[in-house]
Amino acid sequence: MANSKRISAIILIIVIATFLLSWIIKAFNLEGSPNNTGLWFSIRDAFFITIAAFLTLAIFSFLYKDNPYYKFAEHLFVGISAAYWMCVGFWSTLIGNLVPNISSSLSTFFRVPYKGLHFTYFVPLILGIILLMRLSSKRGWISRWALAWIVGTTSGLNLIRYLRTDFISQVSNTFIPLLVDWKGVGPFFSHFSLSSTGQFAMTLSNWVIFIGVFCGLIYFFFSKEHKGIFGTASRVGIWVLMITFGASFGYTVMGRVSLLVGRLTYLFRDWLGLIS
Amino acid sequence: MTNIGLIISFLVIGVGLLWLFILALKGREVDRRIIFIFIGLAVSVPLLFRISFSEKATPIVRDVFYKIENLPEGSNILLSYDYGPSMAPEVEPMSNAFLRHALAKNHKVFIMCLWATGQSLIATAIDSIIKREFPEKINGVDYINIGFKAGGQGVLNVIITDFRKMYLTDVDGVNLDSVPIFKGIKSLKDMDLLISIGGGFPGVKEWILFAGAPGNIPTAGGSAAVAAPLLYPYYPKQMVGLLGGIKGAAEYESELKKVYPQFANMPTPGIAMMGPQTLAHLVVMAFIVIGNIAFFVNRRRKP
Amino acid sequence: MKLKILSIFCSLLLGIVPLAIAQENADTASVDSTAVASPAPVSQLTAVDTDNDHGHSISLKWEPSPDDGAGLKSVIGYEVYRAESPGGPFVIRAALPSGASSHIDVGAKEKESGDYMADYTDYYYKVRAITADSLVYSDSDVFGPVQCYGQWFNTGRIPVLVFVIGFMCTTILLIQKAKSGAKLFVRRLAGIEAVDEAIGRATEMGKPILYVLGLGTAADIATIASYTILGRVAKKVAEYQTRLIVPCYDPITMTVAQETVKTAYADAGRPDDYNEDMVYFVTQSQFAYVAAVNGTMLRERPATNIYMGLFYAESLILAETGALAGSIQISGTDQIAQIPFFIVACDYTLIGEELYAASAYLGREPLLLGSLKAQDYAKAAFIVLAVIGFLTINFGIDWFKQLFYISN
């Protein structure tokens, strides 16, 4: 126990010493750079770069195991983000959207352009206050009305949009030719090409789209047990889905790796100066 | 430098993978921290030795490029920065490429965001791209930043009929009616192309659902890789084209360099990232193959 | 003699001056002959009220000038003018490039706007073909009067109306059928049957259950479906007296979740065991939320993690950390992008709509069952229409596809 405390203390001293050393070296590097903006700014910028690098490494340390440095970075992130989003919510929604439409004196006070008195904006104001009634144990039930309004309005707005774009348009998107640019068997083989825009690839693509949509929909059919031909189609559907998920997974791995590359670029370039 | 880096990468990682393969065949468990080290090496070495690969634009990326390219000079293009710093390494290369392309074609660029965190990224883009590379472009004449408005798709519902119901001024407080670029612009329907860059909510899908499709306005997207597969069903009828992840950004940058010689020396973070990406993907593929072989071998070994 | 010379000089002068003038005129005449000739005007100009809008808009069409790209090739564009009487004054409304043959003149609906265009007011239009010389142009005949007005019904969206009415009627009918006691079949879902097992496991091990509702708001369908499953889990947890942890991303979701868990405890006959701290708000920042939940997973070491709702990029981080902590994991989301991660890292996954089906399967409420059945009918309709459309396109029949065209 005393040993582990000693080790923790040594690690802490090393971390602090490395932080200070890094800060000083970075400040000198920034001051000596062609874009030098003065000693104070170099010290300030060096501090921010160093602390960003150390927080990055603190989060990365979780890959080894959970530790106080990771916890510190996590709690710092949670606290700052909670405060940030509260400020954004206040200034963007209340001051940005509500105040300019209900009060000219408040608009002047908060220095936002007054858009004129629109009585319709009092409706969300009242609904917002009703929603806050949730905090009262006696009157909390009234907040359900505001919630019902939110759910109803969102559903109504979204129903038409999603039905139009994600259902009707997609139905017509499956009206695709079985054989693309078909001029006969001879021309098909004489102009055969594996190019992605070639006849063969486009034809295969259309077949995959149609069978995939058909069988995928059957998999999500809940009113019938998946047996017999229906079961076979459902299994084809789940295979298509799994292949899609695999491709999607691969795409996301690419996304995650690029975020890692971005972070390492920051460490190597902005902090350590190893790459330009 | 690049060749030495490639040789070192393949040697170190290749030997390491062989060792892992032997361990796996013996049925020994591999600590996940070893896997993390491999991924770290696969990404760090190409970065340090500047290994990169050339890119060729695929049709879905080319369609966006040539849409911007073929619009008459002076067309109105709206760029929406719907992402935050967490997605920036992936999508910032594409947003910078769009900005360069649109300004090089002398299009009028309208910049906004549906994410609060997009505001600082727009400011960075204006300082690092427009003011540095296009100093002749005038704010309010050639481009404008109207900033962020809270409301997500609600904002799109409003500005598809009237911009001024949501935006009275730009981010500097200048009235839109006094700004030359906004003369004759009433709503999103006056835009010749909408481009949303992001990968979360609201993002490209919301722009298609609430602006592009109902307003019949050509819409293109630049999306983080995780959201890109969801958007393919909209191509090509409801979406002009899509840049999917850093690969899409790299393809767009390579097309831009090919068509515009003035961008020969521009920073291409998308293309630069392809080296680490390729190596990391090869390592992941090797892990999958090793893991599956080990799984089947060990299953056969057990009675 | 002198007189003779003077007369010759005068006659010469009289001859030279006209010649000079004539020459000048000839030069001027040659200048005139190179000036831009007036182009032919546009023809067949028509203006009608723009269809399917809220008014304040008129659509114009015309035949371009024969000198646009042909003939004199002098036309470089067109200008559209509008007046409130046939004699003017006309104001310019649009400047269009050469080749243009139509324009929609849109005005503002607010009277105080400088661009106000009143409905039910006579307007007159003319189109001017312009050349490089601003003084050389030609106007079409004035067309009018034409009035603009809004339409109550957007005929371009009839397909949407048909589907909305069809779907709503089907849903209402099936809900009524469910309410009348008819048994509506829903097939077995493996993930849901595993939930009871997982709760039992947690009770045996004396460890808590972590339930994550995701990043959705209370208005998102996935979150609403998750509430039903949370209610079922909370009821079981109350019966077995296992600890439940529900960290929330959205404050409104938290309030509904608190209600759900409280009600579940009351239904299980253990209202006093309910503790408000079970369901708590963390933060509305995505990665800060996941960092906090990860920390909870590693500190509390729950036996079971249940992820049901709307997830984004944090899904893999959550599922990986849960696997690291050794928990059994059951997940369900309608976010297609996140399903691969849950499939890989969790023991059971409800894919997409299975999450909605699960809430109907568990709750057996007529509303949920009826809605699920209506969705199944909609899917069946999709398949039938897709097959018909696929066949008609391949046999060269186009009219079926036109039925699905939505203009704006």
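Residues numbered from 1 in each chain as written. Chains lettered and ligands numbered in written order. Predicted model: local features only at pLDDT ≥ 70, side-chain atom pairs only at ≥ 80, totals over all residues. Heavy atoms only, no water.

**Regarding the overall build of chain C**
Applicable threshold: Helix and strand labels come from DSSP, where a helix needs a run of H or I of at least four residues and a strand needs a run of E of at least two; each type is numbered from the N terminus. Computation of the radius of gyration draws on C-alpha atoms alone. For the globule rule, the value is 2.2 Å times the number of residues to the power 0.38. Per-residue accessibility, obtained with a 1.4 Å probe over protein chains only, is compared with the maximum for each type, and a residue is labelled buried under 20%, exposed over 50%, and partly exposed between these values.
Secondary structure summary: chain C contains 11 helices and 14 strands in total. The globule rule puts the C-alpha radius of gyration for 408 residues at 22 Å, and the 39 Å found for chain C is more than 25% above it. Each principal axis of the C-alpha atoms in chain C carries an extent, and together these give about 150 × 50 × 50 Å. Taking all 408 residues of chain C together, the buried fraction comes to 49%.

**Description of the packing of helix α4 (residues 88–104) of chain B against helix α5 (residues 118–133) of chain B**
Residue and element names in this part refer to chain B. Here is the rule we go by: A fitted line through C-alpha atoms represents every axis, and for helices the fit uses only the stretch in contact; the resulting angles, taken between N-to-C directions, go from 0 to 180 degrees. Convention used here: angles under 35 degrees read as roughly parallel, angles over 145 as roughly antiparallel, angles from 65 to 115 as roughly perpendicular, and any remaining angle as oblique. Take the far helix as your reference; a near helix turned counterclockwise from it by less than a right angle gives a left-handed crossing, and one turned clockwise gives a right-handed crossing. Residues are treated as being in contact if the distance between any of their heavy atoms lies within 4.5 Å. Here the term charged refers only to Asp, Glu, Lys and Arg, the term nonpolar to Ala, Val, Leu, Ile, Met, Phe, Trp, Tyr, Cys and Pro, and the term polar to all other amino acids, Gly among them.
Put simply, α4 and α5 touch, their axes get as near as 11 Å, and they point 40° apart. The angle between α4 and α5 falls in the class oblique. The way α4 lies across α5 gives a crossing that is right-handed. The residues of α5 that touch α4, namely those facing A88, E92, N96, L99, R100 and L103, are L121, A125, I129, I130 and E133. Split into classes, the residues belonging to the contact of α4 with α5 amount to seven nonpolar, one polar and three charged.

**As for the pattern of salt bridges**
The line we're drawing: Each reported salt bridge corresponds to a side-chain nitrogen of Lys or Arg within 4 Å of a carboxyl oxygen of Asp or Glu.
Counted according to the given criterion, the structure contains 23 salt bridges over all chains. One salt bridge connects R144(A) with E259(C), and the closest N-O pair in it is separated by 2.9 Å. Remark: E259(C) occurs in helix α5 (residues 251–267) and R144(A) occurs in helix α6 (residues 143–173); the pair is interchain, linking two chains. The partner of E320(C) in a salt bridge is R32(B), and the shortest N-O contact between them spans 3.0 Å. Placement of E320(C) in helix α7 (residues 314–324) and of R32(B) in helix α2 (residues 32–48) is noted, with the two residues assigned to different chains. One salt-bridge network, held together by shared partners, links E55(B), K247(B) and E251(B).

**What to know about the packing of aromatic side chains**
Centre distance and the angle of the planes are the two values used to describe a pair of aromatic rings. As a reminder of what qualifies: Stacked, tilted and edge-to-face pairs are distinguished by plane angle, under 30 degrees for stacked and over 60 for edge-to-face with tilted covering the rest, among Phe, Tyr and Trp rings (Trp via its six-membered ring) whose centres lie within 6.5 Å. We count a charge as sitting over a ring when the NZ of a lysine or the CZ of an arginine lies within 6 Å of the ring centre and within 35 degrees of the ring normal.
Inspection of the entire model under this criterion finds 47 aromatic pairs over all chains. Here the aromatic cluster, defined as three or more aromatic residues joined through ring pairs, consists of F167(A), F175(A), F163(C), F382(C), W399(C), F400(C) and F404(C). The residue whose ring lies beneath K224(A) is F230(A), and the NZ or CZ to ring-centre distance is 5.1 Å. Positioned over the ring face of Y81(C) is K126(C), at 5.8 Å from the centre of the ring.

**Topic: a nonpolar patch on the surface**
Test applied: Patch definition: residues above 30% relative accessible area lacking any salt bridge, with like charges linked at up to 9 Å and the nonpolar side chains Val, Leu, Ile, Met, Phe, Trp and Tyr linked at up to 5 Å. Reported accessibility uses the Shrake-Rupley method at a 1.4 Å probe radius. Residues are deemed covered only where the shown protein chains occlude them.
Taken together, the side chains of L179(A), W182(A), V185(A), F189(A), F192(A), L194(A), F200(A), L204(A) and V208(A) define a hydrophobic patch exposed on the protein surface, amounting to about 910 Å² of accessible area. Mapped onto the nonpolar patch, the elements with two or more residues apiece are α7 (185–190) and α8 (199–219) of chain A.

**A few points about the sheet that holds strand β10 (residues 244–248) of chain C**
All names here are of chain C. We count it as follows: Paired strands, in this sense, are two strands between which DSSP finds at least two bridges.
On the basis of which strands lie adjacent, the open sheet formed by six strands has the order β11-β10-β9-β12-β13-β14 and parallel pairing. Across the chains shown, the open sheet's two edge strands, defined by having one partner strand only, are β11 (279–281) and β14 (348–351). Going across the sheet, the axis of each strand differs from the next one's by a mean of 15°, ignoring polarity. Bridge count between strand β9 (residues 209–214) and β10: two bridges; the pairing is parallel. Residue pairing in the sheet places L210 in a bridge with I245 of β10. Strand contacts of helix α3 (residues 190–205): β9, β12 (304–310), β13 (328–333) and β14, with the helix running at about 145° to β13, the strand carrying the most contacts.

**Brief notes about the domain arrangement of chain C**
Rules: Here the limits of each domain have been adopted from an automatic or database domain assignment.
For chain C, the assigned domains are domain 1 (43–146), domain 2 (155–179 + 369–402) and domain 3 (190–364). With centres defined by C-alpha atoms, the gap from domain 1 of chain C to domain 2 of chain C works out at 42 Å.

**Details of the nonpolar core**
Heads up, the condition is: Definition used in this section: a nonpolar core is a set of buried Ala, Val, Leu, Ile, Met, Phe, Trp, Tyr and Cys residues joined via side-chain atoms within 4.5 Å.
Residues F98(B), L99(B), F163(B) and L188(B) are the most contacted members of the largest nonpolar core, which totals 118 residues. Dropping the residues within four chain positions of it, F98(B) is found in contact with V64(B), I68(B), L79(B), I195(B), I197(B), L243(B) and Y252(B). L215(C), Y249(C), I306(C) and I330(C) belong to the second-largest nonpolar core, a separate cluster that totals 81 residues.

**Side note on the domain arrangement of chain A**
Under the domain assignment used here, chain A contains domain 1 (2–65), domain 2 (81–161) and domain 3 (180–271). The straight-line distance from the C-alpha centre of domain 1 of chain A to that of domain 2 of chain A is 43 Å.

**So, the interface of chain C and chain A**
The condition is simple: By convention, the term buried area covers the 1.4 Å-probe accessible surface removed from two parts as they join, with the contributions of both added.
Counting residues at the interface gives 62 residues for chain C, matched by 52 residues for chain A. Together chain C and chain A conceal approximately 5,200 Å² of surface at their shared face, both sides included; 74% is due to carbon and sulfur atoms. For chain C, the biggest contributors to the area lost against chain A are R187(C), F382(C) and F390(C); these three give 15% of the whole. Connecting chain C to chain A are one salt bridge.

**Let's talk about the interface of chain B and chain A**
Quick note on the threshold: Here a polar contact is recorded for every N or O atom pair within 3.5 Å, except that within protein the pair must consist of a potential hydrogen donor and a potential acceptor, and residues adjacent in sequence are included only if both atoms are side-chain atoms.
Across the boundary between the two partners, chain B contributes 51 residues, which contact 44 residues of chain A. When chain B packs against chain A, close to 3,900 Å² is buried across both sides, 63% of that on carbon and sulfur atoms. The three residues of chain B that bury the most area against chain A are R33(B), L47(B) and L209(B), which together make up 13% of that side's buried surface. Across the chain B-chain A interface, the total number found is one salt bridge. In this structure, D166(A) and K205(B) form a salt bridge, with 3.0 Å as the shortest nitrogen-oxygen distance. Counting the contacts that link chain B with chain A gives 14 residue pairs in polar contact (both at pLDDT 80 or more). Looking at the side of chain B that touches chain A, the elements that each hand over two or more residues are α2, α4, α6 (153–159), α7 (204–215), α8 (228–231), α9 (245–259) and α10 (269–301) of chain B. Tallying contributions element by element places α2(B) first for the side of chain B that touches chain A, with eight residues. Residues belonging to the side of chain B that touches chain A are distributed by class as follows: 30 nonpolar, 12 polar and nine charged.

**A short note on the packing of helix α9 (residues 228–271) of chain A against α10(B)**
Following both chains from N to C, one finds α9(A) and α10(B) inclined at 130°, their axes separated by 10 Å at the closest point. Taken together, the axes of α9(A) and α10(B) lie oblique to each other. Viewed along their axes, α9(A) and α10(B) form a crossing whose handedness is right-handed. In this structure, α9(A) contributes V253(A), M254(A), V257(A), S258(A), V261(A) and G262(A) to the contact, and α10(B) contributes M273(B), P276(B), Q277(B), A280(B), H281(B) and V284(B).

**A word on the sheet that holds strand β2 (residues 57–63) of chain C**
Residue and element names in this part refer to chain C. If you trace the three strands from one edge of the open sheet to the other, you get β1-β2-β5, paired in antiparallel fashion. If you trace the sheet from one side to the other, it starts and ends with β1 (43–49) and β5 (102–106), each paired once. Recorded for the sheet is a direction-independent mean angle of 20° between the axes of neighbouring strands. Where β1 and β2 come together, five bridges link them in antiparallel fashion. Bridging from a neighbouring strand, A47 pairs with L60 of β2.

**Observations regarding unusual backbone geometry**
All names here are of chain C. The residue after G88, namely P89, is reached through a cis peptide bond having omega 5°. Here P89 shows up in the loop between β3 (77–83) and β4 (91–97). If you check the backbone angles, Q44 has positive phi at about 55° while not being a glycine. Residue position: Q44 is located in strand β1. In this structure Q44 comes out as exposed when scored by relative accessible area, which is 62%. Positive phi, close to 55°, is recorded for N52, a residue that is not glycine.

**Description of helix α1 (residues 2–31) of chain A**
Residues and elements named next belong to chain A. Stated precisely, the cut-off is as follows: Expected helix span is taken as 1.5 Å per residue step, with the number of steps being one fewer than the number of residues.
In this model α1 runs 43 Å from its N-terminal to its C-terminal C-alpha over 30 residues, within 8% of the 44 Å that 1.5 Å per residue would give. The set of residues buried in α1 consists of F19, S22, K26 and A27. Close packing links the buried residues of α1 with α2 (39–60) and α9.

**Regarding the side chain of E74(A)**
Counting through the fold element by element, E74(A) comes out in helix α3 (residues 68–98). Ignoring sequence-local partners within four residues, the contact set of E74(A) consists of I59(A), A291(C), A292(C), G295(C) and R299(C).

**Comments concerning empty space enclosed by the protein**
Which entries qualify depends on this criterion: Think of a 1 Å grid over just the protein atoms. A cavity is a set of points where a 1.4 Å probe fits yet cannot get out, a pocket is an open set with protein on both sides within 12 Å along at least five of seven lines, and lining residues have an atom within 4 Å of a point. Grid points are joined across faces, edges and corners, and a volume is the space filled by probe spheres set on the points.
Taken as a whole, this structure holds one cavity of 30 Å³ or more when the rule is applied. Within this model, the largest cavity holds a volume of roughly 40 Å³. Together, I160(A), R161(A), R164(A), R157(C) and V160(C) line the largest cavity. By residue number, the principal contributor to the lining of the largest cavity is α6(A), which donates three residues.

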